[in-house]
Amino acid sequence: YYQEIEKGKKELKDKHFDEAMAIFEDAAKLDNAPALSYFYQGQTESEKQVLEGAEEDYLKGLQYNKIHYKCLVGLFENLMSRKRYADAYSVIKRVSQYFPANPQRMTQVLRLAIMTKSYEDVERYYQIFTTIDDRNEEMIKYVCAALVVCGKYYLQQNHMARARELFQKAATTANGR
């Protein structure tokens, strides 16, 4: 199975899409849970700009392993490229539930939480943020902005204490920036 996957990856790298797809499809028959094969089928479809087909392949892989990291990330990137933000956000929430915080993806997650009006989630991501040692300036700005937007939402909902708490967290996180 893994030998076939490696052969297919070489064909994919060399842009021999039809050959790669055939190898990945054959590889899927060699394993009881061929999520990795479906991931690479999705990657092949993505390279060919067949984005709906790629989405189907990632979803097939997830049927075999609902937390297959590569399939989840492939699906997320596919949905983002197609501007299906609500769907992308539901996928990335699953990723963050099962896998440790990824500092590079934190800014995207916060942006999607605001875009999809998932304000309650911002506080959970803030808690994750506080556990990350490798914080860069961009991440800090995104966290602060998300806390302020979330605070404004709670002001509109007349939840003054909650809004004040979020504004305080934003001010503390900004630390004079």
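For clarity, every value in this text was computed on a predicted model and none was experimentally measured. (Residues numbered from 1 in each chain as written. Predicted model: local features only at pLDDT ≥ 70, side-chain atom pairs only at ≥ 80, totals over all residues. Heavy atoms only, no water.)

1. Points about the packing of aromatic side chains
Phase 1: Scanning the model with the defined rule gives nine aromatic pairs in all.
Phase 2: An angle of 70° between the planes, with centres 4.8 Å apart, marks the rings of phenylalanine 39 and tyrosine 40 as edge-to-face. Per residue, the accessibility class of phenylalanine 39 equals that of tyrosine 40, and both read buried.
Phase 3: Look at tyrosine 153 and tyrosine 154: their rings are 5.2 Å apart centre to centre, the planes differ by 65°, and that puts the pair in the edge-to-face class. (Phe/Tyr/Trp six-rings, centres within 6.5 Å; stacked < 30°, edge-to-face > 60°. Buried < 20%, exposed > 50% of the residue type's maximum accessible area, 1.4 Å probe, protein only.)

2. Things to note about the side chain of lysine 169
Phase 1: Of note, lysine 169 is situated in helix H10 (residues 160–174).
Phase 2: Judged by its relative accessible area of 18%, lysine 169 falls in the buried class.
Phase 3: Aside from chain neighbours lying at most four places away, what touches lysine 169 is Glu123, Tyr126, Gln127 and Leu147. (Helix = DSSP H or I, 4+ residues; strand = E, 2+ residues; numbered from the N terminus. Contact = heavy atoms within 4.5 Å.)

3. Some words on the environment of valine 149
Phase 1: With respect to the secondary-structure elements, valine 149 resides in helix H9 (residues 137–156).
Phase 2: Valine 149 gets classed as partly exposed once you look at its relative accessible area, which sits at 31%.
Phase 3: Each C-alpha atom of the pair valine 149 and valine 122 lies 9.5 Å from the other, and the pair is 27 residues apart in sequence.
Phase 4: Setting aside residues up to four positions removed in sequence, valine 149 forms contacts with Ile114 and Tyr119.

4. As for the packing of helix H7 (residues 103–115) against helix H8 (residues 119–131)
Phase 1: Direction vectors running N to C along H7 and H8 enclose 160°, while the axes themselves pass 9 Å from each other. Accordingly, the angle class assigned to the pair H7 and H8 is roughly antiparallel. Crossing geometry of H7 relative to H8 is assigned as left-handed. Residue-level inspection shows Met106, Val109, Leu110, Ala113 and Ile114 of H7 in contact with H8, the latter providing Tyr119, Val122, Tyr125, Ile128 and Phe129.
Phase 2: When grouped by side-chain class, the residues that make up the contact of H7 with H8 number 10 nonpolar, no polar and no charged. (Axes fitted to C-alpha atoms, helices over the stretch in contact; angles between N-to-C directions. Parallel < 35°, antiparallel > 145°, perpendicular 65-115°, else oblique. Left-handed = near helix turned anticlockwise from the far one by under 90°. Nonpolar A, V, L, I, M, F, W, Y, C, P; charged D, E, K, R; others polar.)

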